[in-house]
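Notes for the structure review
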Amino acid sequence: QMQLVESGGGPVQPGGSLRLSCARSGFKGYFAIGWFRRAPGKDREGVSCISTRDGTTDYVDSVKGRFTIYRDNAKNTVYLQMDRLSSDDTGVYFCAVQRSGYYCAGYEPSDYGYWGQGTQVTVSS
């Protein structure tokens, strides 16, 4: 059974850091994994993406320079290091597998599958 499980969310003060994990099981081969978030009252939006094949990364403008995505294929895990967090980063964070291609090709949610259950990130003083 192919599955993604997110973890690492929690409460954090503005300016703080968190590291999210996306652990996968049951998958074979290479593909892209994306991180998305859903802020309160807003639609789900893409945040970052990585190719499990060669580690090529992509970020949306709002997180460039603050978030770092990386992979550990030996552990079947993709991480999202989030630094200098602000209240705008509050939301439920999800990871998902891009349905086709090794490399990130945008953040249209319908292009992704095997969504995890999400992990809550709350940035507040």
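Calculation criteria
- Residues numbered from 1 in each chain as written.
- Predicted model: local features only at pLDDT ≥ 70, side-chain atom pairs only at ≥ 80, totals over all residues.
- Heavy atoms only, no water.
- Helix = DSSP H or I, 4+ residues; strand = E, 2+ residues; numbered from the N terminus.
- Rg over C-alpha atoms; globule rule 2.2 N^0.38 Å.
- Contact = heavy atoms within 4.5 Å.
- Buried < 20%, exposed > 50% of the residue type's maximum accessible area, 1.4 Å probe, protein only.
- Phe/Tyr/Trp six-rings, centres within 6.5 Å; stacked < 30°, edge-to-face > 60°.
- Lys NZ or Arg CZ within 6 Å of the ring centre and 35° of its normal.

We now examine the overall build of the protein. Secondary structure assignment for the protein yields 0 helices and 11 strands. When the helices and strands of the protein are placed in sequence order, the string is β-β-β-β-β-β-β-β-β-β-β. The C-alpha radius of gyration of the protein comes to 13 Å, within 12% of the 14 Å expected for a compact globule of 125 residues. In the protein, once contacts between residues fewer than 6 apart in sequence are set aside, the share between residues at least 24 apart is 56%.

Moving on, we get to the side chain of threonine 77. Structurally, the position occupied by threonine 77 is in strand β8 (residues 77-82). By relative accessible area, which is 8% here, threonine 77 ends up buried. Each residue touching threonine 77, except ones within four places of it in the same chain, is listed here: Ser21, Cys22, Ala23, Arg24, Tyr70, Arg71 and Asp72.

Right, let's get into the packing of aromatic side chains. Summed over all chains, the structure comprises 9 aromatic pairs. Consider the rings of phenylalanine 36 and tyrosine 112, whose centres lie 4.9 Å apart with planes at 80 degrees: the pair is edge-to-face. With a gap of 76 residues between them, phenylalanine 36 in strand β4 (residues 32-38) and tyrosine 112 in strand β10 (residues 112-113) connect regions that are remote in the sequence. With a relative accessible area of 0%, phenylalanine 36 lands in the buried category. Counting every residue linked through ring pairs, the aromatic cluster contains Phe36, Phe94, Tyr107, Tyr112 and Trp115. Note that arginine 44 overlies the ring of tryptophan 115, its terminal NZ or CZ placed 4.1 Å from the centroid.

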